[in-house]
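Listed below are the residues making up each chain.
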Amino acid sequence: TLCIFDLEEVAWKDTETVTGGRPSARVGMGFAAAGGKIYLFGGFGGLDLFLNDLHLLDTSKMAWETLDINAPPSPRGFMGFASHGNMLYMYGGVDGAGNVT
């Protein structure tokens, strides 16, 4: 579930107005902001299911979009994930076999 805290109003905002295909429930995902968009990668979806999907939340439209990427990294969760300029960086994580990547 997406939660939004407004720093100016010092209050939580309603997220029912967010449109598009929301990412499935998960923990340990990568989450980073760049250029007015927030990116979410992978994570652990439960029942030994590690994910390698990439989603973006366009904050100007408040709409989720699943990005179809060519040759994504292996499924993983609990990785380092950051943005710099127009690039996203990911390092490490844990795969479905419990291996540190």
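Everything discussed here concerns the structure shown above.
These figures come from a predicted structure and were not determined experimentally. (Residues numbered from 1 in each chain as written. Predicted model: local features only at pLDDT ≥ 70, side-chain atom pairs only at ≥ 80, totals over all residues. Heavy atoms only, no water.)

Structural notes on the overall build of the protein chain
Going by this rule: A run of H or I in DSSP becomes a helix once it reaches four residues, and a run of E becomes a strand once it reaches two; helices and strands are each numbered from the N terminus. Radius of gyration: C-alpha atoms only; globule rule: 2.2 Å multiplied by the number of residues to the exponent 0.38. Relative accessibility decides the category of a residue: with a 1.4 Å probe and only protein chains considered, values under 20% of the type maximum give buried, values over 50% give exposed, and everything between is partly exposed. It only takes one pair of heavy atoms within 4.5 Å for two residues to be counted as in contact. Under the convention used here, a 1.4 Å probe and the Shrake-Rupley method define accessible areas, while residue burial counts only the protein chains that appear. Note that His is not counted, nor are the chain ends; the positive residues are Lys and Arg, and the negative ones are Asp and Glu. Charge coordinates come from a single atom per side chain, which is NZ of Lys, CZ of Arg, CG of Asp or CD of Glu.
Along the backbone of the protein chain there are 0 helices and 8 strands. Taken over C-alpha atoms, the radius of gyration comes to 14 Å for the protein chain, in line with the 13 Å a tight globule of 101 residues would show. Every one of the 101 residues in the protein chain was classed for burial, and the buried ones make up 31%. Restricting to contacts in the protein chain with at least 6 residues of sequence separation, those with at least 24 account for 37%. Just so you have it, the protein chain exposes about 6,600 Å², and 57% of that area is on carbon and sulfur atoms. Each charge class in the protein chain was averaged separately, 6 positive and 11 negative side chains, and the resulting centres sit 4 Å apart.

A word on the side chain of D6
Note that D6 resides in strand β1 (residues 4–6). Those residues within four positions of D6 in sequence are excluded, and the remaining contacts are A11 and K13.

Regarding the pattern of salt bridges
Just so we agree on the cut-off: Think of a salt bridge as a Lys or Arg side-chain nitrogen and an Asp or Glu carboxyl oxygen that are within 4 Å of each other.
Scanning all chains against the criterion turns up 2 salt bridges. A salt bridge links D6 to K13; the shortest N-O distance between them is 3.8 Å. The class of D6 is buried, set by a relative accessible area of 15%. Residue R26 is joined to D53 by a salt bridge in which the shortest nitrogen-to-oxygen separation is 2.8 Å. Of this pair, R26 sits in the loop between β2 (11–13) and β3 (30–34) while D53 sits in strand β5 (residues 50–58), and the two are 27 residues apart along the sequence.

Focus on the pairing of β5
Sheet faces and side chains relate simply in a regular strand, where the side chains alternate between the two faces. The test is simple: Pairing between strands requires that DSSP locate at least two bridges from one strand to the other.
Within β5, 7 of the 9 residues are buried, which leaves it mostly tucked inside the rest of the structure. In this antiparallel pair of consecutive strands, strand β4 (residues 37–44) and β5, the connection spans 5 residues, and G46 shows a positive phi of 95°. Looking at chain direction, β5 and strand β6 (residues 63–67) are connected through 5 bridges and run antiparallel. From the neighbouring strand, D58 faces β6, where its bridge partner is A63. In this structure, the hairpin formed by β5 and β6 is closed by a connection of 4 residues, where M62 is found at a positive phi of approximately 50°.

Topic: the nonpolar core
Inclusion rule: To qualify as a nonpolar core, a set must consist of buried Ala, Val, Leu, Ile, Met, Phe, Trp, Tyr and Cys residues joined through side-chain atoms within 4.5 Å.
One finds A32, A34, Y39, F41, L54, L56, M79 and F81 forming the largest nonpolar core, which totals 8 residues. Among the secondary structure elements, those contributing two or more residues to this core are β3, β4 and β5. Here A32 is in contact with K37, I38, Y39, F81, A82, S83 and L88, once residues within four sequence places are set aside. By size, the runner-up hydrophobic cluster in this structure holds 5 residues, among which are V18, L40, L57 and W64.

With respect to the packing of aromatic side chains
Put simply, the rule reads: Here a pair means two rings of Phe, Tyr or Trp (six-membered ring of Trp) with centres within 6.5 Å. Their orientation is stacked below 30 degrees between planes, edge-to-face above 60, and tilted elsewhere.
Tallied over the entire structure, the rule returns 3 aromatic pairs. Taken together, a centroid distance of 5.0 Å and an interplanar angle of 70° make the contact between F5 and W12 edge-to-face.

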